[in-house]
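A look at the structure
Each chain, letter by letter, is given below.
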Amino acid sequence: MTGNDILLWDETLFKDLSVLEPDYLPEYFPHRDSQLNALKFALKPALRGMRPLNCLLVGPPGTGKTSAVMKTFKELEVHAPNVVTVKVNCQIDSTRFAVMSRIYRQLFGISPPNSGIAFRKLFETVVNFLVSSEKVLIVALDDLNYLCCEGHANEVMYSLLRAHEQYPGTKIGVIGIVNDASDLYCLDSRVNSVFLPEEISFPRYEKAEIMDILKDRVRYGFYPKVISDEVLEHIVSYVEKTGDLRVGIDLLRRSGFNAERRGSRMILSEDVEKAYEASKLLHLCRGISLLSDSEKQLLELIAKKDEIKAGELYKSFHELTQLGYTRFYGMVNRLQTLNYVDADFTGKGKRGRTRMIKTKYEADDILSCLKKA
Ligand SMILES: Nc1ncnc2c1ncn2[C@@H]1O[C@H](COP(=O)(O)OP(=O)(O)OP(=O)(O)O)[C@@H](O)[C@H]1O
């Protein structure tokens with residue numbers, strides 16, 4: 001290492017650390033034009049004071065669903081003073097009361113009285129405000145599947161989507177955000193008949209797209225020449241493994257800190273390796289915590305075996321959960337889409353090809369995440 005390679009104690013590799021923060025909303029948001037257009041089209045009636053079309057954004061973790069909504073909301077803020085937008089994180093606000101309180105806070109800038117107030121009163125205050133001020137409300141329910149898990153999805157959706165029947169003049173649109181459309185199995189016909197969403201799909205990014213997006217973060221996040229294309233490729237390969245762009249942004253940040261700790265002016269592959277080791281369980285556990293209870297049970301059965309035939313797995317799963325083949329099949333596909341398992345037709349069974357299922361991560365890592373989830 002030459003003297004110039006050494007970072008002085010008061011120097012940093014980061015030009016702007018905020019662009020590598022998890023909640024940063026990027027200016028440059030490429031490869032999502034068709035999704036952004038579909039979203040804008042669905043929300044357009046709100047600009048003219050009409051109820052927007054409901055939407056359902058579907059895609060694996062870290063594919064830009066929440067960011068797309070937040071970018072669209074930001075535009076609405078500028079161009080549509082008659083529209084109020086609210087994003088609800090259903091992992092945090094998972095009851096009808098909590099969702100309505102979040103909306104109340106957005107409308108009035110203060111929390112509702114926290115004791116003694118009934119849902120109905122809260123709801124009426126919100127709705128009366130919307131009608132009297134002629135505002136259209138758009139609610140994005142992020143991780144909507146959580147409401148299904150908690151058993152509150154129908155009452156939340158019902159209140160929002162049928163509000164105009166009880167309170168004429170109310171205009172509310174709902175954007176649901178989920179990893180998989182089958183996550184909404186719990187919605188009943190009363191809700192489905194009014195939800196009828198425009199489905200907008202967010203596929204996983206291709207390698208070149210991941211590279212493009214991360215290069216932009218590198219450009220604004222680090223000083224020049226801190227990271228080579230080769231090392232960035234290394235990070236991209238980890239993002240491809242999980243399919244979650246969040247992993248790449250987090251690796252950039254952690255690798256930068258590791259390089260700084262070594263007093264280096266450049267991030268090396270060893271910094272990335274170290275960062276991945278430290279964070280891989282974090283990402284895995286976060287993803288696993290978002291699965292439904294039956295999906296967790298299924299993943300546990302798979303992780304407890306090195307490799308298992310689909311038929312055998314179904315038998316154990318059915319004994320454990322009483323769920324039928326269609327749900328089982330859907331869940332295996334979902335675990336495969338989320339990259340937790342391989343479920344390929346590799347082995348030869350007695351009656352032709354057999355689907356063999358195994359985890360794509362160390363089984364112990366999966367089991368320890370399942371314990372925490
Ligand atoms: N096209 C893109 N351009 C730039 N950054 C992106 C793009 N897509 C996603 N990101 C970034 O990736 C991270 C994850 O994105 P986001 O939270 O929107 O994904 P998501 O699909 O909502 O994930 P989840 O289902 O886990 O909530 C964010 O930091 C976001 O800024």
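This text gives an overview of the structure that appears in the document. (Residues numbered from 1 in each chain as written. Predicted model: local features only at pLDDT ≥ 70, side-chain atom pairs only at ≥ 80, totals over all residues. Heavy atoms only, no water.)

Thoughts on the sheet that holds strand β1 (residues 55-58)
Ordered by their spatial adjacency, 5 strands build an open sheet running β2-β3-β4-β1-β5, and the pairing between neighbours is parallel. Of all strands in the sheet, those with a lone pairing partner are β2 (83-89) and β5 (198-201), marking the two edges. Going across the sheet, the axis of each strand differs from the next one's by a mean of 15°, ignoring polarity. Pairing analysis gives 6 bridges linking strand β3 (residues 136-142) to strand β4 (residues 172-178), with the strands arranged parallel. Residue pairing for β4: Leu137 is matched across the bridge by Ile172. Against the sheet, helix α1 (residues 33-47) makes contact with β1, β2, β3, β4 and β5, and its axis sits at roughly 150° relative to β5, the strand it touches most. (Pairing = 2+ DSSP bridges. Helix = DSSP H or I, 4+ residues; strand = E, 2+ residues; numbered from the N terminus. Axes fitted to C-alpha atoms, helices over the stretch in contact; angles between N-to-C directions. Contact = heavy atoms within 4.5 Å.)

Notes on the site of the ligand
The environment of the ligand is formed by 23 residues, the closest being Pro30, Lys65, Thr66, Ser67 and Tyr205. For the ligand, an oxygen atom lies 2.9 Å from a polar atom in the backbone of Gly62. Coverage of the ligand by the protein chains reaches 96% of its 630 Å² of free accessible surface. If you list the elements that add at least two residues to the shell around the ligand, you get α2 (65-79), α9 (207-221) and α11 (245-261). Counting contributing residues per domain, the shell around the ligand is built from domain 1 (33-201) and domain 2 (205-288), each supplying no fewer than three. (Near = heavy atom within 4 Å. Polar contact = N/O pair within 3.5 Å; in protein donor to acceptor, adjacent residues only side chain to side chain. Areas by Shrake-Rupley, 256 points an atom, 1.4 Å probe, with all protein chains shown as cover. Domains from an automatic or database assignment.)

A short note on the nonpolar core
Generally speaking, nonpolar side chains in soluble globular proteins are found buried as a group. In terms of nonpolar packing, the biggest core is built from 56 residues, with Leu214 and Tyr340 touching the most fellow members. Ignoring any residue separated from it by four or fewer positions in sequence, one finds Tyr340 in contact with Leu284, Gly287, Ile288, Leu291, Leu299, Leu335, Lys358, Thr359, Lys360, Tyr361 and Ile366. Among the nonpolar cores identified, the runner-up in size contains 39 residues, and Val84, Met100, Val126 and Val139 belong to it. (Core = buried A, V, L, I, M, F, W, Y, C linked by side-chain atoms within 4.5 Å. Buried < 20%, exposed > 50% of the residue type's maximum accessible area, 1.4 Å probe, protein only.)

So, the packing of helix α12 (residues 269-289) against helix α16 (residues 363-372)
Their axes nearest at 9 Å, the elements α12 and α16 cross at an angle of 55°. Taken together, the axes of α12 and α16 are oblique relative to one another. When you trace α12 past α16, the crossing you get is right-handed. Note on element contacts: α16 touches α12 through Asp365, Ile366, Ser368, Cys369, Leu370 and Lys372, opposite Lys280, Leu281, Leu284, Cys285 and Ile288. Partitioned by chemical class, the residues of the contact of α12 with α16 number 7 nonpolar, 1 polar and 3 charged. (Parallel < 35°, antiparallel > 145°, perpendicular 65-115°, else oblique. Left-handed = near helix turned anticlockwise from the far one by under 90°. Nonpolar A, V, L, I, M, F, W, Y, C, P; charged D, E, K, R; others polar.)

Details of the state of the cysteines
Throughout the structure, instances matching the rule amount to 2 disulfides. Each sulfur in the disulfide pair Cys148 and Cys186 lies 1.9 Å from the other. Handedness of the Cys148-Cys186 disulfide follows from its S-S torsion of about -75°: it is left-handed. Placement of Cys148 in helix α5 (residues 145-150) and of Cys186 in the loop between β4 and α8 (189-195) is noted, with a sequence separation of 38 residues between them. For the protein, numbering the cysteines in disulfides from first to last along the sequence yields the connectivity 1-2, 3-4. Cys90 supplies the cysteine sulfur nearest to Cys55, a cysteine that is in no disulfide, at a spacing of 15 Å. (Disulfide = S-S within 2.5 Å.)

Remarks on empty space enclosed by the protein
Tallying each qualifying case throughout the model produces 2 cavities of 30 Å³ or more. By volume, the largest cavity is sized at about 210 Å³. The wall of the largest cavity is formed by 17 residues, among which Thr242, Asp244, His283, Tyr340 and Tyr361 lie closest to the centre. Taken together, the elements giving at least two residues each to the lining of the largest cavity come down to α11 and α12. Here the element with the most residues in the lining of the largest cavity is α12; it accounts for 6 residues. Within the lining of the largest cavity, the residues separate by chemical class into 8 nonpolar, 4 polar and 5 charged. Split by domain, the residues of the lining of the largest cavity number at least three in each of domain 2 (205-288) and domain 3 (295-360). Estimates place the volume of the second largest cavity at around 30 Å³. (1 Å grid on protein atoms, 1.4 Å probe; cavity = no way out; pocket = protein on both sides within 12 Å on 5 of 7 lines; lining within 4 Å. Points joined across faces, edges and corners; volume = space filled by probe spheres on them.)

As for the environment of Val272
Within the secondary structure layout, Val272 lies in helix α12. Take Val272: its relative accessible area is 0%, and that puts it in the buried class. With 69 residues separating them along the chain, Val272 and Val341 place their C-alpha atoms 24 Å apart.

Points about the packing of aromatic side chains
Applying the stated criterion to the full structure yields 13 aromatic pairs. Between Tyr314 and Tyr325 the ring centres are 5.1 Å apart and the planes differ by 80°, which places this aromatic pair in the edge-to-face class. Highlighted residues: Tyr314 in helix α14 (residues 310-321) and Tyr325 in helix α15 (residues 325-337), separated in sequence by 11 residues. An aromatic cluster of at least three residues, connected via ring pairs, comprises Tyr314, Phe317, Tyr325, Phe328 and Tyr329. In this structure, Arg96 packs its charged tip against the face of Phe119, placed 3.9 Å from the ring centre. For the cation-ring pair, Arg190 lies above Tyr158, with the distance from its terminal atom to the ring centre recorded as 4.1 Å. (Phe/Tyr/Trp six-rings, centres within 6.5 Å; stacked < 30°, edge-to-face > 60°. Lys NZ or Arg CZ within 6 Å of the ring centre and 35° of its normal.)

The quantities given are spatial measurements derived from coordinates; they are silent on function.
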